[in-house]
Amino acid sequence: SQARLEEAIAQVDKALELDPLSPVFHADLAYLLLGNGQFDRAMQESLLAIEIDPYYWLAHMAQGLVLAYRGMAEEAIAACVKARELNPCVEATAFLAHVYGLVGRREAAESILEEMKELSRSGYLPPFYLGLVYCTLGETDQALEWLERAVEERDPTVSVLKGPLFDVLRADPRYQALLQRLRLAP
């Protein structure tokens with residue numbers, strides 16, 4: 001809920017009072033602010049995190065997401081590519097695909113999705129990330145199928161289902177039902 005998001009922001013703000021040089025807290029705050037639509041402050045926090053630790057990949061990813069939501073395509077892609085170079089994990093890969101999709105580079109997003117599907121055939125890949133990329137590509141049925149699986153597996157990442165990453169699903173009753181199951185619905 002909105003109240004929980006604001007409470008989380010307040011908690012991270014308190015943590016930063018105790019440890020103002022924590023890149024982790026600054027990046028966490030950037031993600032929370034992004035989810036709350038506070039793009040300017042999210043950008044500030046991601047930049048602070050990068051300034052404190054230029055090798056902290058999540059800070060670059062947060063910056064990339066904010067830039068993508070602001071429509072700054074090339075800068076967003078560069079930040080997410082940097083994040084993936086620093087940590088070529090599935091999360092960085094999925095968010096790079098998400099940003100490609102957000103800025104209209106569908107072929108690049110689809111190419112990464114193919115990589116991810118290949119990975120999921122040979123080992124475990126958290127379904128949340130496949131759901132995110134399908135959502136970005138506007139493939140609602142596939143997105144909801146993977147997100148449903150993520151909820152069933154109790155993937156902690158699903159807590160961000162309410163954020164702007166999933167705006168395109170907002171009107172779908174199946175999405176609303178998922179939020180109800182997670183007690184994230186208003």
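On a predicted model such as this, the values are computed, not experimentally measured, just so you know. (Residues numbered from 1 in each chain as written. Predicted model: local features only at pLDDT ≥ 70, side-chain atom pairs only at ≥ 80, totals over all residues. Heavy atoms only, no water.)

Visitor: Explain the overall build of the protein chain to me, please; I cannot follow it from the model alone.
Guide: Across its full length, the protein chain holds 10 helices and 0 strands. Ordered by position in the sequence, the α and β elements of the protein chain form the string α-α-α-α-α-α-α-α-α-α. Taken over C-alpha atoms, the radius of gyration comes to 16 Å for the protein chain, in line with the 16 Å a tight globule of 186 residues would show. For the protein chain, the spread of C-alpha atoms along the three principal axes comes to 40 × 35 × 30 Å. Counting over 186 residues, the protein chain shows a buried share of 46%. Considering only contacts in the protein chain between residues 6 or more positions apart, those separated by 24 or more positions represent 53%. Surface accessibility of the protein chain: about 9300 Å² in total, with carbon and sulfur atoms responsible for 54%. Taken as two groups, the 17 positive and 28 negative side-chain charges of the protein chain have centres that lie 5 Å from each other. (Helix = DSSP H or I, 4+ residues; strand = E, 2+ residues; numbered from the N terminus. Rg over C-alpha atoms; globule rule 2.2 N^0.38 Å. Buried < 20%, exposed > 50% of the residue type's maximum accessible area, 1.4 Å probe, protein only. Contact = heavy atoms within 4.5 Å. Areas by Shrake-Rupley, 256 points an atom, 1.4 Å probe, with all protein chains shown as cover. Lys, Arg positive; Asp, Glu negative; His and termini not counted. Charge placed at Lys NZ, Arg CZ, Asp CG, Glu CD.)

Visitor: What is the right way to read the environment of Pro126 from this model?
Guide: Within the secondary structure layout, Pro126 lies in the loop between helix H7 (106–122) and helix H8 (127–136). Given a relative accessible area of 18%, Pro126 falls into the buried group. Expressed as a C-alpha distance, the spacing of Pro126 and Val90, which sit 36 residues apart in the sequence, is 8.3 Å.

Visitor: Before we go on, may I ask you to explain the confidence of the model for the protein chain in this structure?
Guide: Caution is warranted with low-pLDDT regions, since their predicted coordinates should not be read in detail. The predicted model of the protein chain has a mean per-residue pLDDT of 89, with 95% of residues at 70 or higher. At the low end of the mean pLDDT range in the protein chain sits helix H1 (residues 2–18), at 83; at the high end sits helix H5 (residues 73–86), at 97. (pLDDT = per-residue confidence, 0-100.)

Visitor: What am I meant to see in the nonpolar core here?
Guide: Buried together is how nonpolar side chains tend to be arranged in soluble globular proteins. Met116 and Phe166 are the most contacted members of the largest nonpolar core, which totals 59 residues. Examining the composition of this core, we find that 8 residues originate from one element, helix H4 (residues 57–69), more than from any other. (Core = buried A, V, L, I, M, F, W, Y, C linked by side-chain atoms within 4.5 Å.)

Visitor: I would appreciate a short explanation of the side chain of Asp155 in the present structure.
Guide: Within the secondary structure, Asp155 is located in the loop between helix H9 (140–152) and helix H10 (173–181). The side chain of Asp155 is buried and forms no salt bridge, while Arg149, the nearest opposite charge, is found at 11 Å. Once residues within four sequence positions are removed from consideration, Asp155 is found in contact with Pro126, Phe128 and Ala150. (Salt bridge = Lys/Arg side-chain N within 4 Å of Asp/Glu carboxyl O.)

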